[in-house]
Amino acid sequence: MNFRENIQYIKGVGPKKAQALKKIGIGNIYNLLTYYPKRYSDQSEITAINAIEPDATVNIKGSILNVQEKTSHRGMKIITVILHDGTGTTQVIWFNQPFLKRSLKPGMSLFVRGKTGYAYNGYGQLCIKQVISYFLLDDTNNNQCQFLPLYTLPDMIKPKFYRSVLENVLSTLDNIPCALDRSIIAAYHLLSKTDALRKIHFPQTKNDIKESREMLIFEELFMIQCGLIYMRKINSQNKQGIRCLPNSNLVKKIYKALPFKLTDDQEKVWNEICLDMQSTRPMQRLLQGDVGSGKTVIAVMALVKAVENGWQGALMAPTEVLAKQHFDNFNKLLNPFGIKVGLLIGSLSAKEHNEALQYIKNGEWQIIIGTHALIQDKVQFAKLGLVITDEQHRFGVAQRARLETKAEQTPDVLVMTATPIPRTMTLTVYGDLDVSVIHQLPPGRKNIRTFLRTKNAREKVYQFVLAQIKAGRQAYVVCPLIELSENVGAASAEAIFEELRTGIFKDVNCALLHGKLSAKEKGKIMQDFFTNKVNLLISTTVIEVGVNVPNASIMVVEGAERFGLAQLHQLRGRVGRGSYKSYCILLSDSKSSKTKERLSLMEKISDGFVLAEADLRLRGPGQFFGAMQHGLPDLKIADVLNDTDILLAARKEAEKWCVKKKSMREIIETINLQYEDNFFKITDV
Ligand code: ADP
Ligand code: MG
């Protein structure tokens, strides 16, 4: 069987239907087999005929007493079957299927699932008016199709037709590539892939569904793990990484000059990074830590270590505001030690930009902080040895890879993210990286007290903000949209800015920050906020990532229902960065109880990991990879939240199998089938 064969050539499909199927991702036979039922309609519960009620969906079983064919006055052929089950008799009615006359005969046993109602035939009897499915019962297939698979299909593809195509393909299924070796199948008591596919589409029992799912989930997670591990192996194989020496003078001096003592978690992570950098294997590490956990200082230390060993280090941040902030902080700390830090962002003047390129190329700048501007073709490094991306979730994998190619020798790579995803999930998403986690927040952090309020309380909320500002603190107001748009009643940053600036905050220095400002204007406003010239910053989500102003202690989020929980958590992380008691107030007038439930999680949960998990549970699985911008397609069957045990087992096996050269062939073949040859392209530049 050629699993890549176009679906069009299957009997009965043809070009038109093939086109419709292609739209839902079914282009070839393998796609068809791995397009799983969305759910099943359980036909195992049988209703006694004398217990049928109108307007219900029921399953009945009985023997055929009589089959009649009639033609309605509109010319429609009607087949009526009288069915008897010992408790009573009823009619089952089919329209326009005259051929049934040949297959349904008195004396046969029949299963029917359908909608009940009163017949139009003059007697007004309760009958099965609309048949959903039916089949003949005989001794051999007594239980056949108790669970009817239901798929999401385009209009022109009728479920019954679709199932018949599937049945057809499944009946001749042979030698389907499977990523799981026989020994894994045996060790975990899994079904064979052929059996799993047959049973997931046409289960006879509940157990069939369970077992087939188990096998297919295991295989799916195994493939992802193998793919990621394999890719990482290829990436680092043959590639000689650079080797740094153990920490010496410069690193030690700067470590001592830090304005604080590292937390135990930071210390642990720093050690892991040192070992990575001192090995010839290129570092490929993810540093995960909740907002405010202190990832930046780790980046600084790693950059200094690269410099100490004669390399350049680059740090890429998602916004200019953030890049500028890092640049200022790094300079303050590192300048006294003679380390040259440079900034490359889009808003530099042409002259500054050219100079920057010069300094990067001739090695004058040892540490370069930048935005996407860093990955432009023109940028050439003298001796790039360490690449760090801050807030990796804002970049694609490809962008990270692109920066890495700027180095002649495979550089060390550190990826930082505050996207708090449940621990086991990092395996799936960042399976190609080693993972370090900072769990602890620096000492002295106060919990950010979070409140959900309606517009009724708005006046009071802003009075409270004013009191905070009068006490010397600074505040953020975050708004979902820049301009008033007629169709959504969301707050507009501009309108709110006007309202607040001229109203309750008329004696306070307010500023408005949004994405439509030029980078220069944004930079100026942020500068004024850093230096406390601006006390109240009204903004859109441009402040979402990384901004660090310890004196800011309160944040109001207007139209909070418009933000995702992960985003709200990131936003909230802008306050509570100093020693002041901090507050986050979510304003929302949403009437939806689901929204209220979601937002109230923010009041109860302060741990980003726990929050992310709760959020995913509310949103449901599926869109996970998309949300992570990882470039991987979504999962077909596994659910990363609930299939954790299988994930861990699959990971373990993947690690074992990926070292065996011979076994990779079939695994890769299956991965290529499953991901249409795209999997190994996810890090392509
Ligand atoms: P994030 O992990 O969100 O990037 P930052 O690196 O911006 O967090 O750190 C947040 C704040 O915590 C900064 O003001 C930083 O100076 C401070 N900080 C980091 N580590 C420590 C520490 N060990 N002790 C005290 N303050 C720290
Ligand atoms: Mg940060």
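Residues numbered from 1 in each chain as written. Chains lettered and ligands numbered in written order. Predicted model: local features only at pLDDT ≥ 70, side-chain atom pairs only at ≥ 80, totals over all residues. Heavy atoms only, no water.

Caption draft 1: Fine view of the overall build of the protein. Helices and strands together make up the secondary structure of the protein, namely 23 helices and 20 strands. Put simply, the protein has 685 residues, and 54% of those count as buried. A sequence separation of at least 24 residues applies to 74% of the contacts in the protein between residues at least 6 apart. For the protein, the exposed surface amounts to about 31200 Å²; the carbon and sulfur share of it is 50%. (Helix = DSSP H or I, 4+ residues; strand = E, 2+ residues; numbered from the N terminus. Buried < 20%, exposed > 50% of the residue type's maximum accessible area, 1.4 Å probe, protein only. Contact = heavy atoms within 4.5 Å. Areas by Shrake-Rupley, 256 points an atom, 1.4 Å probe, with all protein chains shown as cover.)

Caption draft 2: The arrangement of the pattern of salt bridges in detail. Following the criterion strictly, the structure yields 16 salt bridges and no others. A salt bridge links Arg4 to Asp677; the nearest nitrogen and oxygen atoms lie 3.1 Å apart. Of this pair, Arg4 sits in the segment before helix H1 (14–23) while Asp677 is found in the segment after helix H23 (664–674), placing the two residues 673 residues apart along the sequence. Looking at Arg4, the relative accessible area reads 43%, which means it is partly exposed. Where Arg651 meets Glu655, a salt bridge forms, and the shortest distance between an N and an O atom there is 3.3 Å. Of this pair, Arg651 and Glu655 both sit in helix H22 (residues 644–657), four residues apart, which is roughly one turn of that helix. (Salt bridge = Lys/Arg side-chain N within 4 Å of Asp/Glu carboxyl O.)

Caption draft 3: How the structure looks around the side chain of Thr263. Residue position: Thr263 is located in the loop between helix H8 (249–257) and helix H9 (264–278). The buried category is assigned to Thr263, whose relative accessible area is 8%. In contact with Thr263, other than residues within four places in its own chain, are Gln440, Leu441, Pro442 and Pro443.

Caption draft 4: Looking closely at the packing of aromatic side chains. Under the counting rule described, the total for this entry stands at seven aromatic pairs. A centroid spacing of 4.9 Å and a plane angle of 85° characterise the contact between Phe464 and Tyr583, whose relative ring orientation is edge-to-face. Separated by 119 residues along the polypeptide, Phe464 in helix H15 (residues 458–470) and Tyr583 in strand S20 (residues 582–587) bring together distant segments of the chain. Positioned over the ring face of Phe161 is Lys17, at 4.2 Å from the centre of the ring. The ring of Tyr580 has Arg473 sitting right over it, with the charged end atom 3.5 Å from the ring centre. (Phe/Tyr/Trp six-rings, centres within 6.5 Å; stacked < 30°, edge-to-face > 60°. Lys NZ or Arg CZ within 6 Å of the ring centre and 35° of its normal.)

Caption draft 5: Geometry of the site of ligand 1. As a matter of local geometry, ligand 1 sits amid 16 residues, with Lys261, Gly292, Lys295, Thr296 and Arg445 nearest to it. Between ligand 1 and the protein, one listed contact pairs a nitrogen atom with a side-chain N or O atom of Gln266 at 2.8 Å. Coverage of ligand 1 by the protein amounts to 85% of the 570 Å² it exposes when considered alone. Of the residues assigned to the shell around ligand 1, the class counts are four nonpolar, seven polar and five charged. (Near = heavy atom within 4 Å. Polar contact = N/O pair within 3.5 Å; in protein donor to acceptor, adjacent residues only side chain to side chain. Nonpolar A, V, L, I, M, F, W, Y, C, P; charged D, E, K, R; others polar.)

Caption draft 6: Seen up close, the sheet that holds strand S18 (residues 536–539). With parallel pairing, the six strands of this open sheet are ordered in space as S15-S20-S19-S16-S18-S17. Here the strands that pair on one side only, and so sit at the sheet edges, are strand S15 (448–453) and strand S17 (510–513). Strand-to-strand twist across the sheet, computed as the mean angle between neighbouring axes with direction ignored, equals 15°. Relative to S18, strand S16 (residues 474–478) runs parallel, the two being bridged by four bridges. In the strand pairing of S18, Ala475 is matched with Leu536. (Pairing = 2+ DSSP bridges. Axes fitted to C-alpha atoms, helices over the stretch in contact; angles between N-to-C directions.)

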